[in-house]
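# Descriptive structure summary
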Amino acid sequence: MLEFVSTGLQLAVPLLLASLGEIYAERSGVMNLGVEGMMSAGALASFAITLKTGNPALGLLTAAIVGAALSLAHAFISVTLRGNQVVSGLALVMVGCGLSSLIGRGYVGTPLPMGSRRIPALLGQDLIFYVSVTLSGILWLVLFRTRAGIVIRSVGENPAVADSVGVNVHAIRYLCTAFGGLLAGAAGGYISTIHNGMWVDGITAGMGWIAIALVIFATWDPAKAVGGAVLFGIVESAGYSLQNFGISQWLLNSLPYALTIVVLVVASSRSVKRRIGAPAALGEPYFRE
Amino acid sequence: MRLERSKRRNGVLTRLIFSFLAVLVASMIYMLQGVDPLDVFSALISAFTTKVGFSELLVRMIPLLLISSGLALCFRMKFWNIGAEGQYIVGAMAAFLAVESTRQPIVALLSAFAAGAVLAVPPALMKSRLGVNEVLSTLMIYYVVYWVFQYLIHGPWKAREKVGEVSYGGFAHTSIIPAELGTVPGTRISPVMLFLALSSAVLIYFVMERTKLGFEIKAFGGNPKAAEISGMSYFRTAALTMMISGGLAGLAGAGDLLAIQHRLIPEFPCGYGFTGIITAWLGGTSPLGLIAANMFFGGLLVGGEEMMIVYSLPFGAINVFNGLILMFVAAGEFLTRYRAR
């Protein structure tokens, strides 16, 4: 029982990190659907570097940089070129997953030595779990209690007004998108390096998409993302456990996605009632008239 | 320098140039991974110039064309149906059940269209009533369908093999269907499916240019608020568009089962639903544009599969090509929509 909760909390970490990053990107008005691709590329980068150096911290750092680099391609297309954000995000998923599949083919089946996966732990959870939960608190503070947060939110709600008071809309959007990529890359690195300890093609298995759904569930609030991520982590961990009771693994695999649909419907109808929703300028390129 | 929204609409040349640039960049990445780009180009060219290559190109063009015709309608409305792969799978599943019980391929095709259409409606309902993001809902429904499909062919639908008198549960696939669609001798091309695919590209052009639905799709794609105020129903338009799109994807799944695979195997869903997103974006709602884009990607798939085998690359590696083409074309839109002043 304890192990089942503990696995659930560990599975919540990558979801939480990726959705925190996406919350910042979307709060600034950029919808980056490429999370799955950035996670996948980050997962491979972290695995490869950790295998080579034996240092998981260096692996996660590389993953974050790779994720941020990929997100800049999306920022360039959607902010500077004012391209279609849905199409650019989908393209990023394909590029990220394709690259990791191509470059990762030599790593399939090689496990990481146990020693290089070990990071400090407390009460059954590793350091990164505590860092992620603390980070969601800090990101909440920044977004709702600081000037920087007001600037980010205003760029996502009404870029024209923000622009008129001297905010550099494009710079803020670039920064927030890159921050999203940073966290998505690190989230992928966590899956391959800390959680799995080996590389498999298609390692992220839709987690990036679930992280985007969590953003909606959390109503774009970093503090609320923790609950959603833990819920999904526990459900996935329950999937592993139920397999022992003779329930088909194929059916159990569909569980997180079915839950995502339910969560989307519930969260959206709640938002409709309370009239809270996405940032008003989400997905809209800014065009100074 | 000031940017201004441009009136020029001729983006075909820009898209071609940017697709070509993307292929160059992708080839460079492959070269760094030890793949000779000349091999890539010769594989691509042989898909268009040899008899076997071209017939296999058409085999892949048929499902792609059906899927992307429907997606082009959705995208014109800015309704992002990303779940065509799931609608393709559910079409094949419905066709399997129908042909098992009736032995009539035509019944199987009709059931497949119906199943794909039904699966495509909930995202339209969720978006119009609750504002649920359709990218997520269509994709999540795909994932659920994918795993249910795997469950069925690994479990309840698994064929029993017979060796002499002994019957046992063999590999994870269904039994061979009792009736099939005929193919042109020496190829895997079904004339019926080729006809349906080409008609679907013409059909959606007709829908866009000659029907009320087409007018509403354009209206919601351009200015949804104005369309709503003038009395059009978002739900009705989105649901009809999705039914056409889902139905065509379902047909594609049925065609591949009835004419090519003859049974359902774990690898049956091979990504046409995702490749169709790119070809729909490239081709738009023009029949010639769609046929050209899907022939190109049919060739890319045939050449790509050859590369995968020769260099023993994982199947997912072809997404480097797919993604870069989509990304470059999305970037290139800039040149057709804005001009410097």
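The structure displayed is predicted, hence computed values, not measured ones.

### A word on the overall build of chain A
Helix and strand counts for chain A come out as twelve helices and two strands. Going residue by residue from the N terminus, the α and β elements of chain A occur as α-α-α-α-β-β-α-α-α-α-α-α-α-α. Whereas a compact globule of 289 residues would reach a radius of gyration of roughly 19 Å, chain A reaches 19 Å, a difference of no more than 12%. Principal axes of the C-alpha set define a box for chain A whose edges measure 60 × 40 × 35 Å. Split into buried and exposed, the 289 residues of chain A put 56% on the buried side. Partitioning the intrachain contacts of chain A with sequence separation of at least 6 by distance along the chain shows that 83% fall at a separation of at least 24. By element, 68% of the accessible surface of chain A is carried by carbon and sulfur atoms, the whole surface being about 11,200 Å². The distance from the centre of the 16 positive side-chain charges to the centre of the 12 negative ones in chain A is 6 Å.

### Points about the confidence of the model for chain B
Put simply, chain B has an average pLDDT of 90, and 93% of its residues get 70 or more. No element of chain B has a lower mean pLDDT than strand β1 (residues 3-5) of chain B, which averages 56, and none a higher one than helix α10 (residues 234-261) of chain B, which averages 97.

### Some remarks on the packing of aromatic side chains
All chains considered together, the criterion is met by 19 aromatic pairs over all chains. Between Trp80 of chain B and Trp281 of chain B the ring centres are 6.0 Å apart and the planes differ by 45°, which places this aromatic pair in the tilted class. With Trp80 of chain B in the loop between α3 (51-76) and α4 (84-102) and Trp281 of chain B in helix α11 (residues 272-283), the pair connects residues that are 201 residues apart, well separated along the chain. One exposure class covers both Trp80 of chain B and Trp281 of chain B, and it is buried. Three or more aromatic residues link up through ring pairs in this structure, and these residues are Trp250 and Tyr257 of chain A together with Tyr142, Tyr143, Tyr146, Trp147 and Phe274 of chain B. In this structure, Arg270 of chain A is placed above the aromatic ring of Phe217 of chain A, and the distance from its NZ or CZ to the ring centre is 5.9 Å. We note Arg129 of chain B situated over the ring of Phe235 of chain B; from NZ or CZ to the ring centre the distance is 5.2 Å.

### Let's talk about the environment of Tyr174 of chain A
Residues and elements named next belong to chain A. Along the chain, Tyr174 falls in helix α8 (residues 169-196). The class of Tyr174 is partly exposed, set by a relative accessible area of 23%. For the pair Tyr174 and Val263, spaced 89 residues apart in the sequence, the C-alpha separation amounts to 30 Å. One polar contact links Tyr174 to Thr80, side chain to side chain, over a distance of 2.6 Å.

### Things to note about the pattern of salt bridges
Residue and element names in this part refer to chain B. In total, this model carries eight salt bridges over all chains according to the counting rule given. Arg60 is the partner of Glu305 in a salt bridge, and the nearest nitrogen-oxygen pair spans 2.7 Å. Here Glu305 is found in helix α12 (residues 287-310), whereas its partner Arg60 is found in helix α3, with 245 residues between them in sequence. Accessibility expressed as a relative area gives 24% for Glu305, which makes it partly exposed. With its nearest N and O atoms 3.5 Å apart, the salt bridge here joins Lys212 to Glu216. Residue Lys212 and its partner Glu216 are located together in helix α8 (residues 212-222), separated by four residues, close to a single helical turn. Residue classification places Lys212 among the exposed positions, given a relative accessible area of 58%. Residues participating in the shared-partner salt-bridge network are Glu56, Arg60, Arg188 and Glu305.

### With respect to the side chain of Glu36 of chain A
By the secondary structure assignment, Glu36 of chain A is in helix α2 (residues 35-53). Buried charge Glu36 of chain A goes without a salt bridge, the closest partner of opposite sign being Arg105 of chain A at 19 Å. Among the polar contacts made by the side chain of Glu36 of chain A, one reaches the main-chain amide nitrogen of Gly208 of chain A at a distance of 2.8 Å. Aside from chain neighbours lying at most four places away, what touches Glu36 of chain A is Val93, Cys97, Thr204, Ala205, Gly206, Met207, Gly208 and Trp209 of chain A together with Tyr143 of chain B.

Cut-off values and rules
Residues numbered from 1 in each chain as written. Chains lettered and ligands numbered in written order. Predicted model: local features only at pLDDT ≥ 70, side-chain atom pairs only at ≥ 80, totals over all residues. Heavy atoms only, no water. Helix = DSSP H or I, 4+ residues; strand = E, 2+ residues; numbered from the N terminus. Rg over C-alpha atoms; globule rule 2.2 N^0.38 Å. Buried < 20%, exposed > 50% of the residue type's maximum accessible area, 1.4 Å probe, protein only. Contact = heavy atoms within 4.5 Å. Areas by Shrake-Rupley, 256 points an atom, 1.4 Å probe, with all protein chains shown as cover. Lys, Arg positive; Asp, Glu negative; His and termini not counted. Charge placed at Lys NZ, Arg CZ, Asp CG, Glu CD. pLDDT = per-residue confidence, 0-100. Phe/Tyr/Trp six-rings, centres within 6.5 Å; stacked < 30°, edge-to-face > 60°. Lys NZ or Arg CZ within 6 Å of the ring centre and 35° of its normal. Polar contact = N/O pair within 3.5 Å; in protein donor to acceptor, adjacent residues only side chain to side chain. Salt bridge = Lys/Arg side-chain N within 4 Å of Asp/Glu carboxyl O.

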